[in-house]
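Secondary and tertiary structure notes
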Amino acid sequence: MKYRELGRTGWKVSEISFGAWAIGGAWGDVDDQESLAALRAALDGGVNFFDTADVYGDGRSERLLARLKKERKENFYITTKAGRRLPKQTPEGYSRDNLTAWIERSLRNLETDAIDLLQLHCPHPDVYYRPEVFGILDELVKAGKIRHYGVSVEKVEEALKAIEFPGVQTVQIIFNIFRQRPRELFFSEARRRQVGILARVPLASGLLSGKFTRDSQFEKDDHRNFNRHGEAFDRGETFAGVDYETGLRVVEVLKPLAPKNATLAQLALRWILEFPAVTCAIPGAKRPAQVAENLAASDLKPLSQATMKKIDAVYDTEIKPLVHHYW
Ligand SMILES: NC(=O)c1ccc[n+]([C@@H]2O[C@H](COP(=O)([O-])OP(=O)(O)OC[C@H]3O[C@@H](n4cnc5c(N)ncnc54)[C@H](OP(=O)(O)O)[C@@H]3O)[C@@H](O)[C@H]2O)c1
């Protein structure tokens, strides 16, 4: 495992880290023992940074991470998120009272006195025009409730606006072979300001592992079943906003580009690591075997220029016209 500097925090985090949404909920049935085994496998493989949120399984994912913390001696960082407990996203919802209550709840779930990194969880875009919200976060840092803060965003424009606030250490954004717009302008701006980037949905919800077919079935409570068209939340969060049939077709074109002895999932993760502005990719995983496969991407050799160019060409012709302008 290799490590990269996270913003101006002074932390070095694993370039392949762990996304803990699926072990909380909204991805079909999960078993806590298996989820814990996946978390342990991540630590064993050198992961020292775990992304979760207060709403993943209504705290289930945070509580699993608290269990991991108790049973292991290694130092690792947990970043959680706040804001999605609001019944409806409004800028007013990001009040001092609400932020404090959400943070106190996460502190209890995580069984800790201070949150390593708190991210606003895809808040209403007008939040970025309310400096008072970031002022409250600065005060919560001073009070010792959170060590650092960042944001998770849907759109590049939100990311660019968010990093104008000097306290913002990190931006979490969807970035993968099917979602390339962040590399155009945002990456250079983030680097200039030394802001860390967490690349989420790196496998396009598993689509970029190449394991799905037209006949794949998803459980009722799996967002890959119920959110394909944005029925429950932003449609870009499911398969990175690429329609399923197109995704399946393009995955077949990408498969031969995987390096010898590497899987398509590893190619997809290695591709993200080719961008030095990215601090880490945070693939979700439910099982130890998935974790092991994903972490091995850090040990792959850099992709050749020829492979990078071929991936660009596939994106430009097959995916870009469909999704590039949305996020
Ligand atoms: N708004 C936000 O802030 C937000 C939104 C989305 C995600 N996130 C964060 O980003 C993380 C990553 O995104 P994501 O989990 O949505 O999507 P992802 O990482 O692209 O896909 C994860 C899913 O792909 C499958 N998978 C993982 N590794 C695999 C492998 N090697 N081979 C085959 N299948 C594999 C697993 O599901 P199956 O086994 O069921 O197929 C897994 O749950 C989340 O866990 C969460 O921490 C944040």
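Placed above this text is the structure.
Residues numbered from 1 in each chain as written. Predicted model: local features only at pLDDT ≥ 70, side-chain atom pairs only at ≥ 80, totals over all residues. Heavy atoms only, no water.

Describing the nonpolar core
Core analysis: the biggest nonpolar cluster contains 97 residues, and Phe18, Phe50, Phe134, Val171, Phe178, Phe186 and Leu254 have the highest contact counts within it. No other element matches the 8 residues that helix α9 (residues 264-273) contributes to this core. Beyond its immediate chain neighbours, meaning those up to four positions away, Leu254 contacts Ile177, Phe178, Leu208, Leu264, Leu267, Ile311 and Val314. Residues Val13, Leu198, Cys280 and Ile282 belong to the second largest nonpolar core, which totals 9 residues. (Core = buried A, V, L, I, M, F, W, Y, C linked by side-chain atoms within 4.5 Å. Buried < 20%, exposed > 50% of the residue type's maximum accessible area, 1.4 Å probe, protein only. Helix = DSSP H or I, 4+ residues; strand = E, 2+ residues; numbered from the N terminus. Contact = heavy atoms within 4.5 Å.)

Observations concerning the pattern of salt bridges
A full pass over the atoms with the stated rule returns 25 salt bridges. A salt bridge links Arg105 to Asp58, with the shortest nitrogen-to-oxygen separation between them at 3.0 Å. In this pair, Arg105 is assigned in helix α3 (residues 96-110) and Asp58 in the loop between β4 (49-51) and α2 (60-71), connecting sequence segments 47 residues apart. Residue classification places Asp58 among the partly exposed residues on the basis of a relative accessible area of 43%. A salt bridge links Glu245 to Arg214; its shortest N-O distance comes to 2.8 Å. Here the residue Glu245 occupies a position in helix α8 (residues 244-254), and Arg214 occupies one in the loop between β9 (196-200) and α7 (223-226), the gap between them amounting to 31 residues. Several salt bridges share partner residues, and in doing so they unite Asp44, Arg72 and Glu74 into one network. (Salt bridge = Lys/Arg side-chain N within 4 Å of Asp/Glu carboxyl O.)

Regarding the side chain of Ser205
Looking at where Ser205 falls in the secondary structure, it is placed in the loop between β9 and α7. Relative accessible area serves as the criterion here: at 5%, Ser205 is assigned to the buried category. Polar contacts involving the side chain of Ser205 include one to the main-chain amide nitrogen of Phe239, which spans 2.8 Å. With residues near it in sequence (within four places) discarded, Ser205 still touches Trp27, Phe212, His223, Arg224, Glu237, Thr238, Phe239 and Ala240. (Polar contact = N/O pair within 3.5 Å; in protein donor to acceptor, adjacent residues only side chain to side chain.)

Brief notes about the sheet that holds strand β5 (residues 77-82)
As summarised here, the arrangement of the 8 strands in space is β3-β4-β5-β6-β7-β8-β9-β10, forming an open sheet in which the pairing is parallel. At either margin of the open sheet sits one strand with a lone partner, and together these are β3 (18-19) and β10 (280-281). Bridge analysis of strand β6 (residues 115-121) against strand β7 (residues 146-152) gives 6 bridges, and the strand direction is parallel. From the neighbouring strand, Leu117 faces β7, where its bridge partner is His148. (Pairing = 2+ DSSP bridges.)

Examining the pairing of β5
For β5, a buried count of 6 out of 6 residues is recorded, marking the element as mostly surrounded by other parts of the structure. Of the two faces of β5, the one lined by Tyr77, Thr79 and Lys81 and the one lined by Ile78, Thr80 and Ala82 are each fully buried. Relative to β5, β4 runs parallel, the two sharing 3 bridges. What sits directly across from Asp51, in β5, is Thr79. Chirality of the crossover, the property in question, places the unit of β4, α2 and β5 among those that are right-handed. (Right-handed = clockwise from strand over helix to strand, strands pointing away.)

What to know about the packing of aromatic side chains
Overall, the coordinates contain 23 aromatic pairs when judged by the stated rule. Arranged with centres 6.3 Å apart and planes meeting at 85°, the rings of Phe226 and Phe233 form a pair that is edge-to-face. Residue Phe233 is classed as partly exposed on the basis of its relative accessible area, which comes to 26%. By way of ring pairs, the aromatic residues Trp21, Trp27, Tyr56, Phe226 and Phe233 are connected into one cluster. The ring of Phe76 has Lys69 lying over it, and the distance from NZ or CZ to the ring centre is 4.3 Å. (Phe/Tyr/Trp six-rings, centres within 6.5 Å; stacked < 30°, edge-to-face > 60°. Lys NZ or Arg CZ within 6 Å of the ring centre and 35° of its normal.)

As for helix α1 (residues 32-44)
The end-to-end C-alpha distance of α1 is 18 Å, a good match for the 18 Å that 13 residues give at a rise of 1.5 Å each. Within α1 the residues assigned to the buried category are Ser35, Leu36, Ala38, Leu39, Ala42 and Leu43. Down the axis, α1 shows its buried residues gathered within 155° of arc, on one side only. Structurally, α1 contributes buried residues whose contacts are with β3, β4, α2 and α10 (288-295). Immediately downstream of α1, the backbone of Gly46 shows phi near 100°, a positive value. (Expected span 1.5 Å × (residues − 1). Arc of directions from axis to C-beta.)

A short note on the environment of Ala114
For Ala114, the position within the fold is in the loop between α3 and β6. C-alpha of Ala114 to C-alpha of Val151: the two residues are 37 residues apart in sequence and 18 Å apart in space. The residues touching Ala114, leaving out its near neighbours within four places in the chain, are Leu107, Gly144, Lys145 and Arg147.

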